[in-house]
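Structure assessment
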Amino acid sequence: MKLHTISINNLKRRKAKMAFLTIGLMVGIATIVTLVTLTRSMSSDIERKMDEFGANILITPQSNGLSMNYGGISLGGVTFDQREILENDLAKIKTIANHKNISAVSPKVLGGITINTHNVMLVGVHFDSELKMKQWWKVFGNEPKTDDDLLLGTDAAKVLNVSPGDKLEIKGQQFNVAGVLEQTGSQDDSLVFASLGKAQKLLGKEGKITLAEVAALCSGCPIGDMVTQIAEKIPDAKVSAIQQVVEGRLKALDQFKRFSYAMAGVVVFIGSLIVFVTMMGSVNERTTEIGVFRAIGFRKSHIMRIILLEAALVSLLAGFLGYAVGMGGAKLALPFMAESKNAHLIWDSTVAFGSIGLALTLGLLASLYPALHASKMDPTEALRAL
Amino acid sequence: MALIEIKNVKKQYTSGDDVVEALRGVDISIEAGEFITIMGQSGSGKSTLLSVLGGMNHPTTGEIEMAGVKLYQLPGEKLADFRAQNLGFVFQSFNLITYLTAIENVMLPLAIVKMSNQAKKSAARQALERVGLGDKLDRLPNQLSGGEQERVAIARAIVNNPHILLADEPTGNLDSKTSEEVMALFRELNDAGQTVVMVTHNPENGAYSDRTISLKDGMVLGQA
């Protein structure tokens, strides 16, 4: 017989009351777990969807006073035959502190070229990263795979009078028109896309690029910091954030987080209240019992240990159950809440340990006053109850 | 020197504007090994005297000296420690813990004592055998009769071998036959050397004790 024997036996033999307390706290924890997991899963889904909107960091050469536009975005001092960034420099982007937040880097080389007597802009890209970044592109025909494949904007295809599967000759070299883009309404419609290496050769810019687009997104991604970090790594380039896109994404994520935290706060408060009221009621019901403990020589600290140990055991159980039920709730709710059907539930050990830790902290804090109250009870209550 | 010295103990309660004097200068001396019965009508102050004697109710004035220790001069939780080491309580309503078995109830005072669980069980079993309940160790209180519950309460009070056994109306909730059995048990414990101080309003119980102290209106009326 030790003090914990009293706590454990009380819990075991007052099952209904302890079940009520456990359920009360469990509901609170489960709600928080569901909210946090849902929010994180939805954020992840939104991030994934937002990636489809393209890049949010642009790397261009330092301005020399001339300007041009690309997709409505100012590229600073870029002219077709002026300065370029070295392609090798792009590898340095992967060495920045926040490199894990980068989802795609898409280098480009731009240049004017004549095809079948038509002047067009040739854009050299890495097709895999370009297609990953521009998920809104719809390609008629096939996606380009080899260095001899071309991808044409819809207007460029019309002007050059080619369809997927046709051949095109550029500077004496034969290329396959692998695919044609569906109308995008952007500058992409009038461009001819080739693989980066081929385009560099055709334009005489081997090892150089004109600009690079970087897609970086995660919840709370420090885009500003990343811009600074990239600028430090590539001092000759001008690195700028596409603020509108970034701010829009972060704002959407921030709203989800705020909603989640506000709800979690309310639930934490209600959960604490349930624990407090139940423990207080339990202590008041046990006035005589506590009086007996005090009469037979239990110290105040012994009484507190009994009450707090009960609270800790119930809280731990509520934490475990709350996590399990919360994750179950999140799994059920996610398909209805997320924007896409491909949203995945995020299993995170931090949430598991956090929910158990929170339940324990909550249970102990809410039981602290009842435990203090119990420890200060007058032992003569045991005799008065006779 | 007497085991217990109660010197000019007064106890006042304030109820609104009224001051109730529960004890009005009580002087009692109890020797080791004595069986004392404190008798009196309801409101005579006998239960208050027992709670003061048990170190649970500070007297307004006066002094209690027990085994050479001035009880109410003990600092902080030392008074609780003193109760744990020197006193055993038997309450009128038994006050057994409903969710603990008979043996667990008896082991309760040992829960705060540093000794092996085996030794605690052994001591509790012996105490229960001493009160004739060696075969009902694992019964919950609601599975025991009133007399058996009283015996468990007595076993709990003696398990730590206290210097003094304090009992408050121990037969108050029992029929006459069971009352006689319980009183015989107290007598038996006293014969074995246990000091017993019992509060009762039943004159028949006085017959089992060595000395009866009568209280009326918070004062000692007489001793016999």
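Right, let's walk through the structure included here. (Residues numbered from 1 in each chain as written. Chains lettered and ligands numbered in written order. Predicted model: local features only at pLDDT ≥ 70, side-chain atom pairs only at ≥ 80, totals over all residues.)

Okay, the overall build of chain B next. The helix and strand tally for chain B stands at seven helices and 10 strands. Of all 224 residues assigned to chain B, the portion counted as buried reaches 50%. Look at the contacts in chain B between residues 6 or more apart in sequence, and 69% of them connect residues 24 or more apart. (Helix = DSSP H or I, 4+ residues; strand = E, 2+ residues; numbered from the N terminus. Buried ≥ 20, exposed ≤ 12 C-beta atoms within 10 Å, placed from the backbone. Contact = placed C-beta atoms within 7 Å.)

We now examine the overall build of chain A. Helix and strand content of chain A: 11 helices and 14 strands. Counting over 386 residues, chain A shows a buried share of 40%.

This part takes up helix H8 (residues 287-295) of chain A. Residues and elements named next belong to chain A. The element H8 is extensively covered by neighbouring structure, given that seven of its nine residues are classed as buried. Regarding H8, the residues found buried are Glu289, Ile290, Gly291, Val292, Phe293, Arg294 and Ala295. At the exit of H8 stands Gly297, carrying a positive phi of roughly 110 degrees.

All names here are of chain B. Spatially, the four strands line up as an open sheet ordered S2-S1-S4-S5, and their pairing is antiparallel. For this open sheet the edge positions go to strand S2 (18-30) and strand S5 (69-70), each flanked by a neighbour on one side alone. Of the pairings in the sheet, the one linking strand S1 (residues 4-15) to strand S4 (residues 61-66) comprises five bridges and is antiparallel in character. Directly across from Glu5, in S4, lies its bridge partner Glu65. (Pairing = 2+ DSSP bridges.)

This part is about the sheet that holds strand S9 (residues 211-216) of chain B. Residue and element names in this part refer to chain B. Taken in spatial order, the six strands line up as S6-S7-S8-S3-S9-S10 in an open sheet, and their pairing is mixed. Of all the strands in the sheet, the pair left with one neighbour each is strand S6 (87-90) and strand S10 (219-223). When strand polarity is set aside, the average angle formed by the axes of neighbouring strands in this sheet is 20 degrees. As paired elements, S6 and strand S7 (residues 164-168) share four bridges and run parallel to each other. Its bridge partner being in S7, Phe89 is matched across the sheet by Leu166. (Axes fitted to C-alpha atoms, helices over the stretch in contact; angles between N-to-C directions.)

On to the pairing of S7 of chain B. Residues and elements named next belong to chain B. Burial analysis of S7 places five of its five residues in the buried class, the great majority of the element. A two-sided burial pattern is seen for S7, the buried positions comprising Ile164, Leu166 and Asp168 on one face and Leu165 and Ala167 on the other. One crossover worth recording links S7 to the parallel strand S8 (residues 195-200) by way of helix H6 (residues 176-191), and it is right-handed. (Right-handed = clockwise from strand over helix to strand, strands pointing away.)

So, about unusual backbone geometry. In this model, Thr117 of chain A sits at a positive phi of 70 degrees, which is unusual for a non-glycine residue. A tally of 6 C-beta atoms within 10 Å means that Thr117 of chain A is categorised as exposed. At Asp217 of chain B, a position not held by glycine, the phi torsion is positive, near 50 degrees. Tracing the chain through its elements places Asp217 of chain B in the loop between S9 and S10. For Asp217 of chain B, a count of 14 C-beta atoms within 10 Å corresponds to the partly exposed category.

All names here are of chain A. Look at helix H9 (residues 300-337) against helix H10 (residues 349-375): their axes get within 7 Å of each other, and the N-to-C directions meet at 150 degrees. With respect to H10, the axis of H9 lies roughly antiparallel. For the crossing formed where H9 meets H10, the hand is right-handed. Here the residues of the contact of H9 with H10 are counted per class, giving 21 nonpolar, eight polar and one charged. (Parallel < 35°, antiparallel > 145°, perpendicular 65-115°, else oblique. Left-handed = near helix turned anticlockwise from the far one by under 90°. Nonpolar A, V, L, I, M, F, W, Y, C, P; charged D, E, K, R; others polar.)

Below, the discussion takes up the interface of chain B and chain A. The partner chain A presents 25 residues to the 29 residues of chain B that form the contact. Those elements that place two or more of their residues in the side of chain B that touches chain A are helix H1 (46-53), helix H2 (78-86), helix H3 (102-107) and helix H4 (117-130) of chain B. Here the side of chain B that touches chain A is composed, by residue class, of 14 nonpolar, eight polar and seven charged.

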